[in-house]
Amino acid sequence: KEQEQLEKERAENPHAKPHKMTLQVMNRALSGRTLLQVSQFLGRDFVVSRILHDGHVSIPNRDTILYEGDKMFIVCAEEAAEAITAFIGEPCEVEWEEQDVPLVSKHILVTQPSMNGKTFGSLHFSSVYGVNVTRIRRNGMNLYADRNLRMQVGDKIVVVGPEDAVDRVASMMGNSVKSLDHPNLSTIFVGILVGIIFGMMPIAIPGIPTPVKLGLAGGPL
């Protein structure tokens, strides 16, 4: 019951809970500014996964320039949604799936051990791979993809972009349920072998006339 209550409180945390919305740029002061500049002016983190400009949809990055009238699909922390809306413009409706660019949204499972502990900002998804990570599902909860959040093996991330680029990210992340279901037997075997060798080594302890060995049980342990 305590665990369920803790998960409920974390899910209701407005700083971590993701919020999705489509906004039209109405603030004239933002015209000609990059997404990075807008984020710095606002002082809030958010992810723009798609932008509609002159009838064409693209995957923006930090250097993408905004113009008045552009429409953006934004994912942010729930507590930041009101401030972002007031700063950028009014909510609007866009059928993103019906636009002219074949963008896809996929859930990718992080199973590559080398990804464990890396921050989302350090991987530069938008500038290097041309995709955006909008949110993360961890332990049954949806989290906002903050650039300082560290990735964990077992996370499921939502990636938006061209299908070939999304597939490249999926390959980099592992995206293999099988690797999570099966332990790394070679690592376990090497650990036991080293433990056996260590257990056979005599250890001299002051005050004890005979060296002590950890044995076949203590060594691997």
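These lines cover the structure that appears in this document, whether it is placed above or below.

About the criteria used
- Residues numbered from 1 in each chain as written.
- Predicted model: local features only at pLDDT ≥ 70, side-chain atom pairs only at ≥ 80, totals over all residues.
- Heavy atoms only, no water.
- Pairing = 2+ DSSP bridges.
- Helix = DSSP H or I, 4+ residues; strand = E, 2+ residues; numbered from the N terminus.
- Axes fitted to C-alpha atoms, helices over the stretch in contact; angles between N-to-C directions.
- Contact = heavy atoms within 4.5 Å.
- Parallel < 35°, antiparallel > 145°, perpendicular 65-115°, else oblique.
- Left-handed = near helix turned anticlockwise from the far one by under 90°.
- Nonpolar A, V, L, I, M, F, W, Y, C, P; charged D, E, K, R; others polar.

## Here's the deal with the sheet that holds strand β5 (residues 103–109)
Part 1: Strand order in this open sheet of four strands is β5-β8-β6-β7, and the pairing throughout is antiparallel. Strands at the two margins of the open sheet, each flanked by one partner only, are β5 and β7 (141–144). For this sheet, the mean inter-axis angle between neighbouring strands, taken without regard to orientation, is 25 degrees.
Part 2: Strand direction decides the pairing type here: strand β6 (residues 132–138) and strand β8 (residues 156–162), joined by five bridges, are antiparallel. The partner of arginine 135 across the bridge, within β8, is valine 158.

## Notes on the sheet that holds strand β1 (residues 18–24)
Part 1: Ordered in space as β1-β4-β2-β3, the four strands form an open sheet in which the pairing is antiparallel. With one partner strand each, in any of the chains shown, β1 and β3 (56–58) form the two edges of the open sheet. The average angle at which neighbouring strand axes cross in this sheet is 20 degrees, direction not considered.
Part 2: Across six bridges, the pairing between strand β2 (residues 46–53) and strand β4 (residues 71–77) is antiparallel. Along β4, the bridge assignment pairs arginine 50 with phenylalanine 73.
Part 3: Sitting on the sheet, helix α2 (residues 35–42) is in contact with β2 and β4, with an inclination near 130 degrees to β2.

## Thoughts on the packing of α2 against helix α3 (residues 81–88)
Part 1: Axis separation between α2 and α3 bottoms out at 11 Å; the angle between their running directions is 120 degrees. With respect to α3, the element α2 is oriented oblique. Seen along the crossing, α2 lies across α3 with a hand that is right-handed. Residue-level contacts link Val38, Phe41 and Leu42 of α2 to Ala83, Ile84 and Phe87 of α3.
Part 2: Of the residues assigned to the contact of α2 with α3, the class counts are six nonpolar, no polar and no charged.

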